[in-house]
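# Observations on chain architecture
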Amino acid sequence: MVHAWLARMQSPRQTATHRGDDLAPALGTVALMSGIVEDARDLVAAHVEALRDDILREARYARIDAGLMLIAVGVFR
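I will try to describe carefully the structure that is included in this document.

Parameters and conventions
Residues numbered from 1 in each chain as written. Predicted model: local features only at pLDDT ≥ 70, side-chain atom pairs only at ≥ 80, totals over all residues. Heavy atoms only, no water. Helix = DSSP H or I, 4+ residues; strand = E, 2+ residues; numbered from the N terminus. Buried < 20%, exposed > 50% of the residue type's maximum accessible area, 1.4 Å probe, protein only. Salt bridge = Lys/Arg side-chain N within 4 Å of Asp/Glu carboxyl O. Patch = residues over 30% accessible without salt bridge, like charges linked within 9 Å, V, L, I, M, F, W, Y side chains within 5 Å. Areas by Shrake-Rupley, 256 points an atom, 1.4 Å probe, with all protein chains shown as cover.

Before going further, it helps to spend a moment on the overall build of the protein chain. The helix and strand tally for the protein chain stands at 2 helices and 0 strands. Looking at the 77 residues of the protein chain, the share that counts as buried comes to 0%.

Written out as structure tokens, the structure reads:
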């Protein structure tokens, strides 16, 4: 497998005088995979929190509906 040089990966309109010495650091495979796993963990945590909030809200509505149904049954008896 042949890897491109980091300087070749820069956009063609940038020249050496515009780039300076601040080339993007080349990350290793372990660092990239760690970043992906960390981002995935954060995304899953956010989705779990949103699902938990939705379930709690639906349970609250179900409890209110059950109470209203009991009142309606009591009134119509």
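On to the pattern of salt bridges. Within this structure, the stated rule accounts for 2 salt bridges. Arginine 52 is the salt-bridge partner of aspartate 53, the closest N and O atoms lying 3.8 Å from each other. Residue aspartate 53 is classed as partly exposed on the basis of its relative accessible area, which comes to 35%. Between arginine 57 and aspartate 54 there is a salt bridge, and its shortest N-O distance comes to 2.4 Å. Of this pair, arginine 57 and aspartate 54 are both found in helix H2 (residues 29–76), 3 residues apart, which corresponds to roughly one turn of the helix.

Our next topic: a nonpolar patch on the surface. Taken together, the side chains of Tyr61, Ile64, Leu68, Ile71, Val75 and Phe76 define a hydrophobic patch exposed on the protein surface, amounting to about 700 Å² of accessible area. Within the fold, valine 75 resides in helix H2. Valine 75 gets classed as exposed once you look at its relative accessible area, which sits at 59%.

So yeah, pure geometry; function would need other evidence.
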